[in-house]
Amino acid sequence: MSRSLDKDLLDRLKADDPNNVFRDISTVLTNLPADNGLLEIEFLGKEYPLASGTSYLRDGLAVGIPKLRLAQAFFVARQILQNHHDGRPAPHNEMLAATAVLLLMDPEHLTAANVRKRLLISTLETSPDNSALKREKQFVDSLLTSRLHRHTKSPTLWSHRRWLLHLFAAHGVSIDIQHDIKSIVMIAGERHPRNYTAWHHARILLGHQPRPAELVAIDVKEFCLRNHTDISGWSFLSYAICAIEAEERRRETCSLIIADVLRITDSLGWTNESVWVFLRNIATAELVSQQQFESFLAVNKKLASITPKESDRWRTLDGARRWCEEYRLPTVSNLADT
């Protein structure tokens, strides 16, 4: 396949000074909202032609950037980074701008992420102010939650965010775990379904600070009910329930959640594997009472009776029931009865 560019595209690439385009787009990425709001960036295709001299569209936090303009800015940013490696370093702010454009174009640009790490460490060593640390998190979170399919699941960006959290801890800056999971991880999970990279990050957050696990579990339950085919969300919900430290609160929260999930599952006739893997795993734990286990079996039996036998959905239901019958742990009430 030919790699040559058609004449129309070449003409449009040459129509505007790429340095001006780079300056416009990098300014959006570096001059972030003062109220810590996150940009919602979206790439625009050919169907959104912009007038000459216009590099992007903006309405509040929503930013639309044509792919053509981003490509123009990328060429300039790449040259700045190349000059830096060739021993011709650019000023600090220009390097931040260049790496921001590079990561917007390619979320797996590991060199750009590492350069930003070095720039941030250098800033923190010379200034006691933690504003640069918070701005970097705001920039990364904007990429992770925007309508950018590759960015929301990018291992490089999520790894960069984990590294930032270590710096937050080292400098004594607190993190709102519940907010981060609800406003960053869940948004990324909605943008990119089955986003195991995002939910793995949530496990790390809750593992470091399990205190808000109960509130997190309630939030995640709502996410799962809205996205019932997302097995990554259901898997994290099981993890969040088990992370609740107080045993009584863990049992109560589990009871409330499984009651809601069974009610909705029964009402809407959910037979997909994601829901029933969650239900079977919770039902086999000692957290579920005998009464709720019987409710689980009743819903399972009802749905199995109206599902074509030997279909994939029927096998999911049958497999969940068989799993529970084999692996269910005895509850405290069951032991007392015996």
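About the cut-offs
Residues numbered from 1 in each chain as written. Predicted model: local features only at pLDDT ≥ 70, side-chain atom pairs only at ≥ 80, totals over all residues. Heavy atoms only, no water. Helix = DSSP H or I, 4+ residues; strand = E, 2+ residues; numbered from the N terminus. Buried < 20%, exposed > 50% of the residue type's maximum accessible area, 1.4 Å probe, protein only. Contact = heavy atoms within 4.5 Å. Phe/Tyr/Trp six-rings, centres within 6.5 Å; stacked < 30°, edge-to-face > 60°. Salt bridge = Lys/Arg side-chain N within 4 Å of Asp/Glu carboxyl O. pLDDT = per-residue confidence, 0-100. Expected span 1.5 Å × (residues − 1). Pairing = 2+ DSSP bridges. Axes fitted to C-alpha atoms, helices over the stretch in contact; angles between N-to-C directions.

Draft legend 1. Inspection of the side chain of Thr284 at higher detail. Positionally, Thr284 belongs in the loop between helix H14 (273-283) and helix H15 (290-305). Accessibility expressed as a relative area gives 9% for Thr284, which makes it buried. Other than its neighbours up to four places away in sequence, Thr284 contacts Trp323, Cys324, Tyr327, Arg328 and Leu329.

Draft legend 2. Molecular detail of the packing of aromatic side chains. One pass over the full model with this rule turns up 8 aromatic pairs. Geometrically, the ring pair formed by Trp323 and Tyr327 is tilted, given 4.8 Å between the ring centres and 50° between the ring planes. Placement of the pair is Trp323 and Tyr327 together in helix H16 (residues 312-327), with a separation of 4 residues, close to one helical turn. Taking relative accessible area as the criterion, Tyr327 reaches 43% and is therefore assigned partly exposed.

Draft legend 3. Geometry of the pattern of salt bridges. With the rule as written, the count across this model stands at 22 salt bridges. Glu136 is the salt-bridge partner of Arg116, the closest N and O atoms lying 2.8 Å from each other. Note that Arg116 is positioned in helix H5 (residues 110-126) and Glu136 in helix H6 (residues 131-145), a separation of 20 residues in sequence. Where Arg249 meets Glu214, a salt bridge forms, and the shortest distance between an N and an O atom there is 2.3 Å. Highlighted residues: Arg249 in helix H13 (residues 247-268) and Glu214 in helix H11 (residues 213-226), separated in sequence by 35 residues. With relative accessibility at 23%, the residue Glu214 sits in the partly exposed group. Through salt bridges with shared partners, one network takes in Lys137, Asp141, Arg161 and Asp180.

Draft legend 4. Layout of the confidence of the model for the protein chain. For the protein chain, the mean per-residue pLDDT works out to 91, and 93% of the residues sit at or above 70. Here helix H17 (residues 332-337) stands out as the element of the protein chain with the lowest mean pLDDT, 46, in contrast to H11, whose mean of 98 is the highest.

Draft legend 5. Highlighting helix H8 (residues 155-170). Over its 16 residues, H8 runs 23 Å from end to end, which matches the ideal 22 Å to within 8%, given 1.5 Å per residue. Residues of H8 that are buried include every one of Thr156, Leu157, Trp158, His160, Arg161, Leu164, Leu165, Leu167 and Phe168, and no others. Elements that come into contact with the buried residues of H8 comprise helix H4 (92-105), H5, H6, helix H7 (149-152), helix H9 (177-191) and helix H10 (196-208). Phi for Gly172, located one or two positions after H8, is positive at around 70°.

Draft legend 6. Representation of the sheet that holds strand E1 (residues 40-44) in the model. On the basis of which strands lie adjacent, the open sheet formed by 3 strands has the order E1-E3-E2 and mixed pairing. The open sheet is flanked by E1 and strand E2 (57-59), the only strands paired with a single partner. Between one strand and the next, the sheet's axes are offset by a mean angle of 15°, whatever the strand orientation. In this structure, E2 lies alongside strand E3 (residues 62-66), joined through 3 bridges in antiparallel fashion. Of the residues in E3, the one forming a bridge with Arg58 is Val63.

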